[in-house]
Amino acid sequence: MLEHLAHAALERALVTCAADASSVPHGGQGAQAAVGAAPGLLLVDATAGNGHDSLFLLGAAPCNALLLAMDVQAQAVAATGALLAAHGFAHAARVLHTGHECLADVLAALAPEDRQRPLACVVFNLGWLPGGNKDLVTTPATSLPALEAALEALAPGGCISLHCYTGHEGGAEEAAALEAWVRSLPPRRWRVLALADANRERAAESLLLVERLPVRKNRA
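Since this is a predicted model, take the numbers as computed values, not measurements.

*Asks:* Please give an account of the sheet that holds strand S7 (residues 205-212) that cites residues and values.
*Replies:* Across the sheet, 7 strands lie side by side as S3-S2-S1-S4-S5-S7-S6; this open sheet has mixed pairing. Edge strands, defined here as strands with exactly one partner in the open sheet, are strand S3 (93-97) and strand S6 (190-196). Recorded for the sheet is a direction-independent mean angle of 10° between the axes of neighbouring strands. Relative to strand S4 (residues 119-126), strand S1 (residues 42-45) is paired through 4 bridges, and the arrangement is parallel. Note that in S4 the partner of Leu42 across the bridge is Leu119. Across the sheet, helix H7 (residues 140-153) touches S4, strand S5 (154-165), S6 and S7, and the angle it forms with S5 is around 160°.

*Asks:* Account for the pairing of S1, naming residues and giving values.
*Replies:* Where burial is concerned, the two faces of S1 agree: the one with Leu42 and Val44 and the one with Leu43 and Asp45 are both buried. By the bridge criterion, 4 bridges tie S1 to strand S2 (residues 66-71) in an arrangement that is parallel. The residue of S2 that forms the bridge with Asp45 is Ala69. Tracing the backbone out of S1, into helix H3 (residues 52-60) and back to the parallel element S2 gives a crossover that is right-handed.

Conventions adopted
- Residues numbered from 1 in each chain as written.
- Predicted model: local features only at pLDDT ≥ 70, side-chain atom pairs only at ≥ 80, totals over all residues.
- Heavy atoms only, no water.
- Pairing = 2+ DSSP bridges.
- Helix = DSSP H or I, 4+ residues; strand = E, 2+ residues; numbered from the N terminus.
- Axes fitted to C-alpha atoms, helices over the stretch in contact; angles between N-to-C directions.
- Contact = heavy atoms within 4.5 Å.
- Buried < 20%, exposed > 50% of the residue type's maximum accessible area, 1.4 Å probe, protein only.
- Right-handed = clockwise from strand over helix to strand, strands pointing away.

Structure (structure tokens):
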């Protein structure tokens, strides 16, 4: 259920950011040439894993979007690249063998035209790679810098999804550290939702959704 809720929030962000980014009036090719095409959206799968969130993002986003998929494990990089290629999305993605703590550097290294893209969605699946080495897990030391970079770059109307798996040692502590961080965000700029099973003594997962509120226009 948490995955479906995350996807619904991300789809909403894609619609909002795509509408905000589009400055081309519906006037045909002449109007488009005069104004110039708006840059496509930027998407980030910060913990690509087996590539399912990457595939979802590109499937839901406008066709001119660019996805950055990152993972510290070579197994995950290969799986994500193969999945996207199999669905015809290889041209729209850059699959990077790097940890999510390097997100700020990855964004800074983009070409100027790609830095103009509004960052609409950032997805995190925190814990360990399904089917991979359970000794390799995310930690607050890597996840918090990645979250800070995502918050800094996120476009108005954009969404960050943090799906925290907490059944392993250290997982609950990581989720608590991230929740404490996002709870401190100013409510005039950010909306934060924290979701988890309410009738279980120890939930195995939780979800944090962070939306950057759209800029309010001054009324005349």
